[in-house]
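An overview of the molecular structure
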Amino acid sequence: MKRGFMMMGWIAAACCAASVAAEPPAFQNLRYEESAAAYREVDAASPLEEGKYVTLGDSDDMYVSFGGQARVRWEMWDNAGFDAANDDDFGLLRLRLHADLVLGEHVRVFVEGKSATATDRDLPGGRRTLDVDELDLQNGFVDLMDDIGAGKGVVRIGRQELSFGAQRLVSPLDWSNTRRTWDGARAIYSDASWRVDLFATQFVPVEKYDFNEPDADQKFNGIYAVHKLPDWGMTYDLYLLQLDRDNITDGELYADDRFTAGMRLAGACKLTGIEYDIEGGWQFGDADAWVAVPLPIEPGPAIYPPPPPVDSDRDIAAWFVAVELGYTWKDVTMKPRVYAGYDIASGDDDPLDGDAGTFNPLFPLGHAYFGYIDMIGRQNIEDFSQGISFWPVADKVQLKLDYHTFRRVEREDGVYNAGGALVATDPWASSDVGSEFDLTLTVKVSRSTLLHAGASRFFTGDFFKTYGPAEDIDFAYASVQYTF
C-alpha cells in the first residue's frame with residue numbers, strides 16, 4: 001500500500017504544473033464525477049495532490065489527473081446472526097487509484113483500479129466477496145462529449161459505477177470493501193436544471209482472486225431523470241429501471257424480468273425550514289422460472305434452506321414508500337438536527353398464488369436506511385426510524401444517534417437481510433422483528449482525512465424469539481480514510 005502511494009506521488013510530482021492558490025473542490029463518492037479542470041488554480045496541499053492537474057503539452061484542453069483513496073476499517077461482532085458462537089473482530093483494507101485523461105473538448109478516458117482485502121474473518125461466510133477483491137478494475141470507460149443546445153451530452157462506454165438519487169435502489173455501496181460496478185453504455189444529458197441518464201449495463205460480480213467479468217445473466221437498464229426547482233427549494237427524480245435476471249438457480253431463488261417505476265421529492269420548505277425526502281416505487285413484470293416459496297408446510301420455524309422451489313409463472317406486483325422529515329437548527333450551537341422516518345416495502349401475502357409480491361431493492365445502500373448491522377433489507381418490512389445529530393466541534397466533529405423499529409408487512413413472507421437473502425420465515429410467528437440502535441461519530445481531521453467510528457445493537461424481536469438462535473447482536477467499528 002505504501003509503495004503504491006509513493007509511486008503515485010513520484011509520478012505526479014514529476015509531471016506537475018505551477019498553479020495559483022484557490023479553494024480545492026470537494027471529493028466525490030464517484031471519483032469520476034470530480035472535475036480535474038477545477039484544480040487549474042489550486043496549490044497542492046501535499047506531494048500526492050501535485051498530480052491533480054497536469055497539462056499535456058501547451059494546451060489547457062489536454063491534461064491528466066491522478067487520485068486515489070486508502071481506507072482501513074476494524075470491525076467487532078458479538079452474536080452475529082443471533083448466534084452466541086459468532087464472535088469475531090477483523091480488519092478490512094482497501095486501496096483505490098485512478099487516472100483521469102482529458103483529450104480536448106470531446107474525449108475523456110477514466111481508469112480506476114482497486115485492491116481490497118481482509119484479515120481472517122471467522123464469521124459465517126468467511127472472507128466474503130463483500131470483503132475481498134485482491135486486484136481489479138473498478139472503473140474503465142471512455143467519454144465522448146459534445147454540446148447539445150444549452151446543455152452537454154456525454155456517451156460513456158465501459159466499466160462504470162452507478163449511483164442514483166438517495167441510493168435507495170442503485171448504489172456503488174461504499175460501505176462494502178469491494179464496491180459495486182457495471183459494464184455497459186450510458187448516455188447523459190445535463191443543463192442548468194435537468195440531468196437525464198439512459199443506460200444499458202450488465203452487473204459485474206466480484207471474483208475474489210480472478211478478474212471480474214460482467215454477468216450476462218444480470219442485465220440492468222433504465223432511465224433516471226433529475227429536475228432542479230430552485231425557486232421551490234426542491235428537486236424531483238423520475239425513473240424507470242429494468243433488472244432482467246436469467247438462470248440464477250443455486251437451488252433457491254428465481255429468474256425474473258422486473259421493472260421499477262418511481263419518483264422522489266427532496267428539498268426543504270422555504271417557509272418552515274422542514275427538510276423532506278419522499279420516494280416511492282412500483283414493480284411489475286414477470287417471474288417465469290423456479291421460484292422459492294418461503295412457506296413452511298406445517299406450523300413452526302423455517303430458516304435456511306427455504307422449502308423446495310415450485311415451477312411458477314407469476315406476475316410481479318410489488319412496491320415501496322420511504323418518507324423522512326427533518327429539521328436543523330442552523331443558528332443554534334452545535335447545529336442539532338432531528339428527523340423521523342417511515343419505510344415500508346411489500347411482501348408476498350400468498351406465495352402460492354399467481355403474483356410475486358416481495359419487493360426487490362435492486363442494488364441498494366440499505367446500510368444507510370435500515371441500520372448499520374445490515375440485518376434488515378427493504379423487503380417485506382416496515383421501519384419506523386428517528387434520530388438526532390449535532391456537531392460538538394463545528395464542521396469538524398459530528399455525533400449521530402439513530403433508532404429503528406422493524407415489523408414484517410406480511411406474515412406469510414419472511415425477513416430478508418441487506419443483501420436480499422432470506423434470514424427466516426414463519427407465518428405463525430409474530431410480526432415483531434426487532435429494533436436497532438446506532439451511534440456514529442465522524443471526525444474531519446482535514447480535507448483528505450476522515451475518521452469514522454460507531455457502535456450498534458440489534459434487539460431481537462418476538463419473531464426470532466419464537467425459536468433459536470435469538471441473541472441480541474452487537475457491532476462496533478472504527479475506520480481511517482485518506483483521499484487525494
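The model shown is predicted, which means the values in this text are computed figures rather than measured ones.

Regarding a negative patch on the surface
Together, Asp-286, Asp-288, Asp-313, Asp-315, Asp-349, Asp-350, Asp-355 and Glu-412 make up a negatively charged patch on the protein surface. Residue Asp-315 is classed as partly exposed on the basis of its relative accessible area of 43%.

Comments concerning the packing of aromatic side chains
Within the structure shown, the criterion is met by 29 aromatic pairs. Among the aromatic residues, those joined into a cluster by ring pairs are Phe-164, Trp-182, Phe-199, Phe-203, Phe-220, Tyr-224, Tyr-239 and Phe-363. The cationic tip of Arg-378 hangs over the ring face of Tyr-369; the distance from NZ or CZ to the ring centre is 5.7 Å.

A few points about the pairing of strand E11 (residues 256-268)
Strand direction decides the pairing type here: strand E10 (residues 234-245) and E11, joined by 11 bridges, are antiparallel. Following the sheet pairing, Thr-235 is matched in E11 by Ala-266. Across 13 bridges, the pairing between E11 and strand E12 (residues 275-287) is antiparallel. Across the sheet, the residue bridging to Gly-267 is Tyr-276, located in E12.

What about a nonpolar patch on the surface?
A surface patch of nonpolar side chains, amounting to about 590 Å² of accessible area, comprises Leu-198, Ile-223, Leu-240, Trp-282, Phe-284, Trp-319 and Val-321. Broken down by secondary-structure element, the contributors of at least two residues to the nonpolar patch are E12 and strand E16 (314-328). Inspection of the secondary structure puts Leu-198 in strand E8 (residues 194-203).

Brief notes about the pattern of salt bridges
In the structure shown here, the tally under the stated rule is 33 salt bridges. Two residues, Arg-31 and Glu-34, come together in a salt bridge whose shortest N-O distance is 2.6 Å. Take Arg-31 and Glu-34: they sit in the same class, and that class is buried. As a salt-bridge pair, Arg-73 and Glu-75 come within 2.9 Å of each other at their nearest N and O atoms. One exposure class covers both Arg-73 and Glu-75, and it is buried. Counted as one network, the salt bridges with shared partners bring together Arg-71, Arg-94, Glu-161, Asp-174 and Arg-179.

Thoughts on the confidence of the model for the protein
On average, the protein scores 89 in pLDDT, and the residues at 70 or more come to 89%. Confidence over residues 1-20 falls short of pLDDT 50; this stretch has 30 contacts with residues more than four positions distant or in other chains. A low-confidence stretch, residues 290-311 stays under pLDDT 50, and its non-local contacts, those more than four residues away or across chains, total 57 contacts.

Things to note about the side chain of Asp-402
Tracing the backbone shows Asp-402 in strand E20 (residues 397-408). Polar contacts involving the side chain of Asp-402 include one to the side chain of Lys-400, which spans 2.7 Å. Residue contacts for Asp-402: discarding those within four places in its chain leaves Tyr-339, Gln-386, Gly-387, Glu-436, Phe-437 and Asp-438.

Criteria and cut-off values
Residues numbered from 1 in each chain as written. Predicted model: local features only at pLDDT ≥ 70, side-chain atom pairs only at ≥ 80, totals over all residues. Heavy atoms only, no water. Patch = residues over 30% accessible without salt bridge, like charges linked within 9 Å, V, L, I, M, F, W, Y side chains within 5 Å. Areas by Shrake-Rupley, 256 points an atom, 1.4 Å probe, with all protein chains shown as cover. Salt bridge = Lys/Arg side-chain N within 4 Å of Asp/Glu carboxyl O. Lys, Arg positive; Asp, Glu negative; His and termini not counted. Charge placed at Lys NZ, Arg CZ, Asp CG, Glu CD. Buried < 20%, exposed > 50% of the residue type's maximum accessible area, 1.4 Å probe, protein only. Phe/Tyr/Trp six-rings, centres within 6.5 Å; stacked < 30°, edge-to-face > 60°. Lys NZ or Arg CZ within 6 Å of the ring centre and 35° of its normal. Pairing = 2+ DSSP bridges. Helix = DSSP H or I, 4+ residues; strand = E, 2+ residues; numbered from the N terminus. pLDDT = per-residue confidence, 0-100. Contact = heavy atoms within 4.5 Å. Polar contact = N/O pair within 3.5 Å; in protein donor to acceptor, adjacent residues only side chain to side chain.

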